[in-house]
Amino acid sequence: MKKSIIFSVIAVVALLAVACQPQVVTETKTVVETQIVEVEKEGAVTIGFGAPELSGGQGQIMSSLVSHAEEKGWAVVTTNANFSAETQASQMEYFISLGVDAIVTVPVDSQAICASVAKAKEAGIPFYTIDRAPIGCEIDMVVQSDNYVAGKQAGEAMVELLTKKYGEAKGTVLELQGDLGQNVAQLRGGGFNDVLKAYPGITVISKPTEWSADKFSSNTLDVVGSQAIDGIYMHSDCVGTTVVLAALEQLGKKFPASDPNHIFITGVDGCAEALQAIRDGWTDEASGQPVSDFGIVVDWIDAKLTKGEDPAEGEVVKEGALWSPAMIKASDVGPMLNLGTAKVTIENATNPALWGNQK
């Protein structure tokens, strides 16, 4: 028996009901670039991967999953929900209709994805998430960064910078949040604010962005343009670095780290543009994610499909990985592997092991 599927390197999107199909004919004027490859293989394993969108680091996250699966000779069907939880739900139903062997996704909405989890379970299809966890349901496994620690690292860096400037921890900090409907933004905010709560001299102004670059920019323009700001914490430097620096320049407040008027900037992700900004002296710290390793989830999918094994609690080691060792722990949403983030400053921003420095 042969299994024939379509692998879409950039599968689309969309705001239409047919968006869950790997090939889409839309009524909009949006131009979508796709590459279609026919895969025919005896007994091939097929994974359905649902991206929430492809900006920032999400394209690299998808590439990590696809490349790790291809190393096993597997086929992957990819979709892009373009920030829509409703579209993602339709795409999950499409994967189920294909009869894929397993589903992996980065949830657009950590709670809404649970309806899709229930349908996949009913169909007997294992369900995994990477980068973000569900909220309110149990799945087969989560592989993500330790987002709480990432926020904590950024908070500690901000305290150090403010203390060095003023001789004590004081000042006003703008927090550009992600989408608070997702566990990742909740954790990145939690880690950061738990650190700063210990310093009453620091005031935090929090603004939601839903991971929108436009909102990163507009909130920076509004807040920094109306009051004195000492620091900015970005829940995603992938989304924020370029637009936040452009906003500061527009306001006449973009100063290098060597200037006493410099506004300190810390963040989470460690994208290429963020690392370059650190090297150039425009920003100060990034909590670098191990994005290129999120695809290791396929090792546990393989164990599930071939041996019926579930992830076991315990240590995970990968030689040369900045996050290694890590631990698989039980959680209320299933086995969870939190990969450590790397604190990146001017001292180590050229490290080739950081995913933002990898081609």
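So, how was this worked out
- Residues numbered from 1 in each chain as written.
- Predicted model: local features only at pLDDT ≥ 70, side-chain atom pairs only at ≥ 80, totals over all residues.
- Heavy atoms only, no water.
- Helix = DSSP H or I, 4+ residues; strand = E, 2+ residues; numbered from the N terminus.
- Buried < 20%, exposed > 50% of the residue type's maximum accessible area, 1.4 Å probe, protein only.
- Contact = heavy atoms within 4.5 Å.
- Areas by Shrake-Rupley, 256 points an atom, 1.4 Å probe, with all protein chains shown as cover.
- Axes fitted to C-alpha atoms, helices over the stretch in contact; angles between N-to-C directions.
- Left-handed = near helix turned anticlockwise from the far one by under 90°.
- Nonpolar A, V, L, I, M, F, W, Y, C, P; charged D, E, K, R; others polar.
- Expected span 1.5 Å × (residues − 1).
- Arc of directions from axis to C-beta.
- Core = buried A, V, L, I, M, F, W, Y, C linked by side-chain atoms within 4.5 Å.
- Pairing = 2+ DSSP bridges.
- Right-handed = clockwise from strand over helix to strand, strands pointing away.
- Salt bridge = Lys/Arg side-chain N within 4 Å of Asp/Glu carboxyl O.
- Phe/Tyr/Trp six-rings, centres within 6.5 Å; stacked < 30°, edge-to-face > 60°.
- Lys NZ or Arg CZ within 6 Å of the ring centre and 35° of its normal.

What follows deals with the overall build of the chain. Looking only at helices and strands, the chain has nine helices and 16 strands in total. The buried share of the chain, taken over its 359 residues, is 52%. Across the chain, contacts joining residues at least 24 apart in sequence account for 72% of those joining residues at least 6 apart. Only carbon and sulfur atoms are counted for the fraction: they give 51% of the accessible area of the chain, which is about 15500 Å².

In the contact formed by helix H4 (residues 147-166) and helix H5 (residues 183-196), the axes pass within 7 Å of each other and the chain directions differ by 35°. Seen along the crossing, H4 lies across H5 with a hand that is right-handed. Between H4, through Asn147, Tyr148, Gly151, Lys152, Ala154, Gly155, Glu156, Met158 and Val159, and H5, the contact on the second element is made entirely by Val184, Leu187, Arg188, Gly190, Gly191, Phe192, Asp194, Val195 and Leu196. Of the residues assigned to the contact of H4 with H5, the class counts are nine nonpolar, five polar and four charged.

So, about helix H2 (residues 85-98). Helix length check: H2, at 14 residues, gives a terminal C-alpha distance of 20 Å against a target of 20 Å (1.5 Å per residue), a fit within 8%. Within H2 the residues assigned to the buried category are Thr87, Gln88, Gln91, Met92, Tyr94 and Phe95. Mapping the buried residues of H2 onto a view down its axis gives an arc of 155°, with all of them on the same face. Facing away from the buried side of H2 by more than 90 degrees, the exposed set consists of Glu86 and Ser97.

Let us now look at the nonpolar core. By size, the foremost hydrophobic cluster in this structure holds 35 residues, and its most contacted members are Ile47, Phe49, Leu65, Val104, Ile130, Val297 and Leu337. When residues of this core are traced back to their parent elements, those giving at least two are strand S3 (46-51), helix H1 (58-71), strand S5 (102-105), strand S6 (127-130), strand S7 (141-145), helix H9 (297-307), strand S14 (326-329) and strand S15 (336-339). For this core, the element with the most residues is H1, which contributes five residues. Setting aside residues no more than four positions away along its own chain, Ile130 makes contact with Phe49, Ile61, Leu65, Val104, Thr105, Val106, Val143, Phe294 and Val297. Ranked by size, the runner-up nonpolar core spans 18 residues in total, among them Phe95, Val100, Ile113 and Val117.

Following Ser324, the chain continues to Pro325 via a peptide bond in cis, the omega torsion being 0°. Residue placement: Pro325 occurs in the loop between strand S13 (314-316) and S14. Look at Trp211: it is not a glycine, yet its phi comes out positive at around 65°. Among the residues examined, Trp211 registers a relative accessible area of 7% and is labelled buried.

On to the pairing of strand S9 (residues 202-208), then. Where a strand is regular, its side chains alternate between the two sheet faces. In terms of strand pairing, strand S8 (residues 171-177) meets S9 through seven bridges, oriented parallel. Within S9, the residue paired with Gly171 across the bridge is Ile202. Tracing the backbone out of S8, into H5 and back to the parallel element S9 gives a crossover that is right-handed.

With mixed pairing, six strands are arranged side by side in an open sheet as S9-S8-S10-S11-S12-S16. For this open sheet the edge positions go to S9 and strand S16 (342-344), each flanked by a neighbour on one side alone. Taken over all neighbouring pairs, the strand axes of this sheet differ in orientation by 15° on average, direction set aside.

Next up on the list: the pattern of salt bridges. Enumeration according to the criterion identifies 12 salt bridges in this entry. Residue Asp131 is joined to Arg132 by a salt bridge in which the shortest nitrogen-to-oxygen separation is 3.7 Å. In this structure Arg132 comes out as buried when scored by relative accessible area, which is 4%. One salt bridge connects Lys318 with Asp293, and the closest N-O pair in it is separated by 2.6 Å. With a gap of 25 residues between them, Lys318 in the loop between S13 and S14 and Asp293 in the loop between strand S12 (285-288) and H9 connect regions that are remote in the sequence. Looking at Lys318, the relative accessible area reads 32%, which means it is partly exposed. A relative accessible area of 10% places Asp293 in the buried class. One salt-bridge network, held together by shared partners, links Lys72, Asp299 and Asp302.

A separate point is the environment of Ile96. Note that Ile96 resides in helix H2. Each C-alpha atom, one on Ile96 and one on Lys119, is 8.0 Å from the other, the two residues being 23 residues apart in sequence. Filtering out sequence-adjacent residues up to four positions away, Ile96 remains in contact with Ile103, Ser116, Lys119, Ala120, Ala123 and Ile125.

The subject of this paragraph is the packing of aromatic side chains. Scanning the model with the defined rule gives one aromatic pair in all. Ring centres 4.0 Å apart and planes at 15° place the aromatic pair Phe192 and Tyr233 in the stacked group. Placement of the pair is Phe192 in helix H5 and Tyr233 in strand S10 (residues 231-234), with a sequence separation of 41 residues. Residue Phe192 is classed as buried on the basis of its relative accessible area of 0%. Cation over ring: Lys254 sits above Trp282, and NZ or CZ is 4.3 Å from the ring centre.

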